Amino acid sequence: MKYLELSGLHKNGSRLNLEVAFAEFPGREKIYATGIIRDISEHKRVQSALLEKERKLQSVLASGPNGQIVAEAPAMLGLLERVKKAAASFAGILIQGETGSGKECIALSLHRQSPRADKAFVARNCSAIPASLFESEMFGHKKGSFTGADRGPQGRVYGSGRRHAVSR
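Residues numbered from 1 in each chain as written. Predicted model: local features only at pLDDT ≥ 70, side-chain atom pairs only at ≥ 80, totals over all residues. Heavy atoms only, no water.

**Examining the sheet that holds strand β3 (residues 31-39)**
Selection criterion: Strands pair, by our definition, only if DSSP identifies at least two bridges between them. Numbering of helices and strands starts at the N terminus; helices are DSSP runs of H or I of at least 4 residues and strands are runs of E of at least 2. Where helices are involved, their axes are fitted lines through C-alpha atoms of the stretch in contact, as for all axes, and angles between N-to-C directions lie from 0 to 180°.
Read across the open sheet, the three strands follow the order β1-β2-β3; overall the sheet is antiparallel. Edge strands, defined here as strands with exactly one partner in the open sheet, are β1 (2-9) and β3. Across the sheet, the mean angle separating the axes of adjacent strands is 25 degrees when strand polarity is ignored. Pairing between strand β2 (residues 15-26) and β3: nine bridges, direction antiparallel. Paired with valine 20 across the bridge in β3 is isoleucine 37.

**What to know about the nonpolar core**
Rules: In plain words, nonpolar cores are sets of buried Ala, Val, Leu, Ile, Met, Phe, Trp, Tyr and Cys residues tied together by side-chain atoms within 4.5 Å. Think of it in three bands: with a 1.4 Å probe and only protein chains considered, a residue is buried below 20% of the maximum accessible area for its type, exposed above 50%, and partly exposed in between.
Counting residues in hydrophobic clusters, the biggest one holds eight residues: Ile69, Leu80, Val83, Ala87, Ile95, Ile106, Ala107 and Leu110. Going through the elements one at a time, α2 (74-87) and α3 (103-113) are the ones with two or more residues in this core.

**Here we look at the side chain of glutamate 19**
This is how the line gets drawn: Two N or O atoms form a polar contact when they lie within 3.5 Å of each other; inside protein one atom must be a possible hydrogen donor and the other a possible acceptor, and for residues adjacent in sequence the pair counts only when both atoms belong to side chains. Two residues qualify as a contact provided that any one of their heavy atoms is within 4.5 Å of a heavy atom in the partner residue.
By secondary structure assignment, the location of glutamate 19 is in strand β2. Separated by 2.8 Å, the side chains of glutamate 19 and arginine 38 make a polar contact. Setting aside its immediate chain neighbours within four residues, glutamate 19 contacts Tyr3, Leu4, Ile36, Ile37, Arg38 and Ile40.

**So, the side chain of arginine 116**
The criterion, for reference: Counted charges follow a simple rule, with Lys and Arg positive, Asp and Glu negative, and His plus the chain ends left uncounted. Salt bridges are identified by distance alone: a Lys or Arg side-chain nitrogen within 4 Å of an Asp or Glu carboxyl oxygen.
Structurally, the position occupied by arginine 116 is in the loop between α3 and β5 (123-125). Comment: no salt bridge for buried arginine 116; closest opposite-charge side chain is aspartate 118, at 8.0 Å. A distance of 3.4 Å separates the side chain of arginine 116 from the backbone oxygen of serine 89, its partner in a polar contact.

**A few points about the pattern of salt bridges**
Going through the model one piece at a time under the given rule, you end up with six salt bridges. Glutamate 5 is the salt-bridge partner of lysine 44, the closest N and O atoms lying 3.0 Å from each other. Residue lysine 44 is found in helix α1 (residues 41-63), and its partner glutamate 5 is found in strand β1; the two are separated by 39 residues along the sequence. For lysine 44, a relative accessible area of 26% puts it in the partly exposed group.

**Regarding the packing of α2 against α3**
Spelled out, the test is: Roughly parallel covers angles under 35 degrees, roughly antiparallel covers those over 145, roughly perpendicular covers 65 to 115, and oblique covers all other angles. The sense of a crossing depends on the near helix, which, turned anticlockwise from the far helix by less than a right angle, makes the crossing left-handed and, turned clockwise, makes it right-handed. For this scheme, ten residues count as nonpolar: Ala, Val, Leu, Ile, Met, Phe, Trp, Tyr, Cys and Pro. Four count as charged, namely Asp, Glu, Lys and Arg, and the remainder, Gly too, count as polar.
The interhelical angle for the contact between α2 and α3, taken along N-to-C directions, is 45 degrees, at an axis separation of 8 Å. Relative to α3, the element α2 lies oblique. The way α2 lies across α3 gives a crossing that is right-handed. Residue-level contacts link Leu79, Leu80, Val83, Lys84, Ala86 and Ala87 of α2 to Ile106, Ser109, Leu110 and Gln113 of α3. Here the residues of the contact of α2 with α3 are counted per class, giving seven nonpolar, two polar and one charged.

Written out as structure tokens, the structure reads:
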């Protein structure tokens, strides 16, 4: 079986793409052929549109401040606008949501748009920190403030002077 693609113009002026599949069979004195001609114009149009969308997505993912977030829905565009505004702030930001909802992606977007984008991005999973240690871990503690507090470490959020994304 051999395949051949042809393109041209339909009599109404629209583009026409055809796929020709044919096979040859040798006879005693002649070579016989059988074939199928199929209009693949719609297939080509959809394929071209998908390739264009993929190029746009790759461009956004490679260069955009939102990292792996690509959105068209008004709610997501609104969220990304709030992230952009929050990025200018030096306030600690708590990001909450269901497992798999993209909290770390939002945190990374926030970090990339902040004045501290050239600094390290450190994500913290707050649900992995025992409740009894959460306050100390996030905000720090003073030496002697509880049993075992033999030194005064700085907190992850405020004590170090660096912004950390906190999610739970």
